[in-house]
Amino acid sequence: GKTLLLDTDAGIDDAHALMVALTHDNCREIVGITCTYGNCLVDQVVKNVSYILEWYDRKIPVYKGAQASLMRTYEDLAFHGLDGLGDIEYRCDNKEWIDSLLQSEHAAIAMINLSKKYEKEITLVAIGPLTNLALACRIDGNFPSRLKELIVMGGSHTAMGNATSTGEFNFVVDPEAAAIVLDEFPKSCPVKIVPLEVTHACSIEWDWMYDTWLKQDSPKATLNRDMTKNLLKKIKSGIPEGYPAWDVLAVATALQPNFIRDSFKTFMTVELHGSRTRGQAVIDRRMKCDYPVEVITKIDRELLREMLYKSTMSMESH
Ligand code: BDR
Ligand code: CA
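Residues numbered from 1 in each chain as written. Chains lettered and ligands numbered in written order. Predicted model: local features only at pLDDT ≥ 70, side-chain atom pairs only at ≥ 80, totals over all residues.

**Q** An account of the packing of helix H4 (residues 107–117) against helix H5 (residues 131–139) is needed here, citing residue identities and associated values.
**A** In the contact formed by H4 and H5, the axes pass within 8 Å of each other and the chain directions differ by 60°. Between H4 and H5, the interaxial angle falls into the category oblique. Considering the relative orientation of H4 and H5, their crossing is right-handed. Contacts from Ala-107, Ala-108, Met-111 and Ile-112 in H4 reach Asn-132, Leu-135, Ala-136 and Ile-139 in H5. Taken together, the residues of the contact of H4 with H5 sort by class into 7 nonpolar, 1 polar and no charged. (Axes fitted to C-alpha atoms, helices over the stretch in contact; angles between N-to-C directions. Helix = DSSP H or I, 4+ residues; strand = E, 2+ residues; numbered from the N terminus. Parallel < 35°, antiparallel > 145°, perpendicular 65-115°, else oblique. Left-handed = near helix turned anticlockwise from the far one by under 90°. Contact = placed C-beta atoms within 7 Å. Nonpolar A, V, L, I, M, F, W, Y, C, P; charged D, E, K, R; others polar.)

**Q** Now, about the sheet that holds strand E10 (residues 281–284): what can you tell me, with residues and values included?
**A** Across the sheet, which stays open at both edges, the 9 strands sit in the order E3-E2-E1-E4-E5-E6-E11-E9-E10 with mixed pairing between neighbours. The open sheet has two free edges, formed respectively by strand E3 (62–64) and E10, since each of these has just one partner strand. Across the sheet, the mean angle from the axis of one strand to that of its neighbour is 30°, orientation sign disregarded. The strands that H4 touches are strand E1 (2–8), strand E2 (27–35), E3 and strand E4 (122–126); relative to E2, the one it contacts most, it runs at about 150°. (Pairing = 2+ DSSP bridges.)

**Q** Would you mind going over the site of ligand 1 in detail, with residue names and values included?
**A** Neighbouring ligand 1 are 15 residues; Gly-11, Asp-13, Phe-169, Trp-246 and Asp-247 lie closest to it. Contributions of two or more residues to the shell around ligand 1 are made by helix H1 (12–23), helix H6 (169–173) and helix H11 (246–255). For the shell around ligand 1, the per-class residue count stands at 6 nonpolar, 5 polar and 4 charged. (Near = placed C-beta within 6 Å.)

**Q** Break down unusual backbone geometry for me, with residues and values.
**A** The peptide bond linking Ala-10 to Gly-11 adopts the cis configuration, its omega dihedral lying at 0°. Tracing the sequence through the fold places Gly-11 in the loop between E1 and H1. Residue Ala-245 is not a glycine yet carries a positive backbone phi of 45°. Here Ala-245 is to be found in the loop between strand E8 (242–243) and H11. We note that Asn-258 has phi near 65°; this positive angle belongs to a residue other than glycine. Note on Asn-258: 8 C-beta atoms within 10 Å, which makes it exposed. (Buried ≥ 20, exposed ≤ 12 C-beta atoms within 10 Å, placed from the backbone.)

**Q** Describe the pairing of strand E5 (residues 149–153), with residues and values.
**A** Within E5, 4 of the 5 residues are buried, leaving the element largely enclosed by the surrounding structure. Sheet topology note: the E4/E5 ladder contains 4 bridges and is parallel. Note that in E5 the partner of Ala-126 across the bridge is Val-152. At this point the chain moves from E4, through H5, to the parallel E5, and the crossover so formed is right-handed. Two elements, E5 and strand E6 (residues 191–194), share 4 bridges in a ladder whose sense is parallel. Across the sheet, the residue bridging to Ile-151 is Lys-192, located in E6. (Right-handed = clockwise from strand over helix to strand, strands pointing away.)

**Q** Outline the confidence of the model for the protein chain, listing residues and values.
**A** With 99% of its residues at a pLDDT of at least 70, the protein chain reaches an overall mean of 95. When mean pLDDT is taken per element in the protein chain, E4 scores highest with 99 and helix H10 (residues 219–238) scores lowest with 91. Prediction confidence for the complex, expressed as pTM and ipTM, is 0.97 and 0.99 respectively. (pLDDT = per-residue confidence, 0-100.)

**Q** Can you break down the UniProt feature "domain: Inosine/uridine-preferring nucleoside hydrolase" (unreviewed entry) in the protein chain residue by residue, with the values?
**A** Sites flagged by UniProt as "domain: Inosine/uridine-preferring nucleoside hydrolase" (unreviewed entry) map to residues 5–304. Across residues 5–304, the secondary structure splits into 38% helix and 19% strand, with the terminal C-alpha atoms separated by 20 Å. (UniProt positions renumbered as here; feature names shortened; annotations may be inferred.)

**Q** Break down the pairing of E2 for me, citing the residues and quoting the values.
**A** As defined by bridge partners, E1 adjoins E2 across 7 bridges and the pair is classed as parallel. Within E2, the residue paired with Thr-3 across the bridge is Glu-29. Pairing between E2 and E3: 3 bridges, direction parallel. Bridge pairing in E3 places Thr-34 opposite Tyr-63. Traced from E2 through helix H2 (residues 42–55) to E3, the parallel crossover comes out right-handed.

Structural data, given as structure tokens:
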């Protein structure tokens, strides 16, 4: 099984990704969850992560990380609701529970220390802006070399955008951090990128979402129904094919054998200066690249549905 470290800005699809990790047979251990701002502010991310862990009754160390981007703040964060988790009326603030999970170390320091403790064992799955990873790698240049692999949900390879016309959200929120990660990690750590394109091309059909998954009868399925209600409505008007399940694909890439159906290797970096294209991922397939990343272009959608279904299936109550 895999040893995971999850860096997240939870986020509803981040919550789905975490739920899949918590219920997947191939996940040996989640050694920590590091939080970054993104879909909401970092204190709220800590609450959201703790809340999901509470539902699954799992005590996993949670670390608070970056409060903002390295260079410029990004304002438009509320796509997943003001609280990042669909503005449901549940309470994400069981202080005693949160205190029992939340560690005092900063997320970037925790990543470095965990990489020493579990040298070459950790699959780092990054599903938010990459600020914590960039910080960790600037504090300790050997950090990437102690990981087994890095999987990032972020960027695009055909200039497809969601946060801007050409930029994917996680890269656009902190382009400098994404550039540091793409410059540094591939030199000593295998990097897989789950770009925006594959998440849309392999999105979960609306029929299955509404008629199968969200009709499931379990306490967790009820939570899921409430949590996703507003987001799905919003997405449906813009993406007719289905729910893109963005971050879930990154966790599935880490855990699920035979999940990846197609990919290509390329040099990838990030545009930092364009007045319209800041945060756009830039690939160059002309050159021979010594340290390419692997960009995933096709996954097994059936397996993805199975993982999602299983993640909310249990009958234990909250
Ligand atoms: C990414 O942006 C966030 O809204 C999602 O959680 C995902 O990480 C998709 O562009
Ligand atoms: Ca995310």
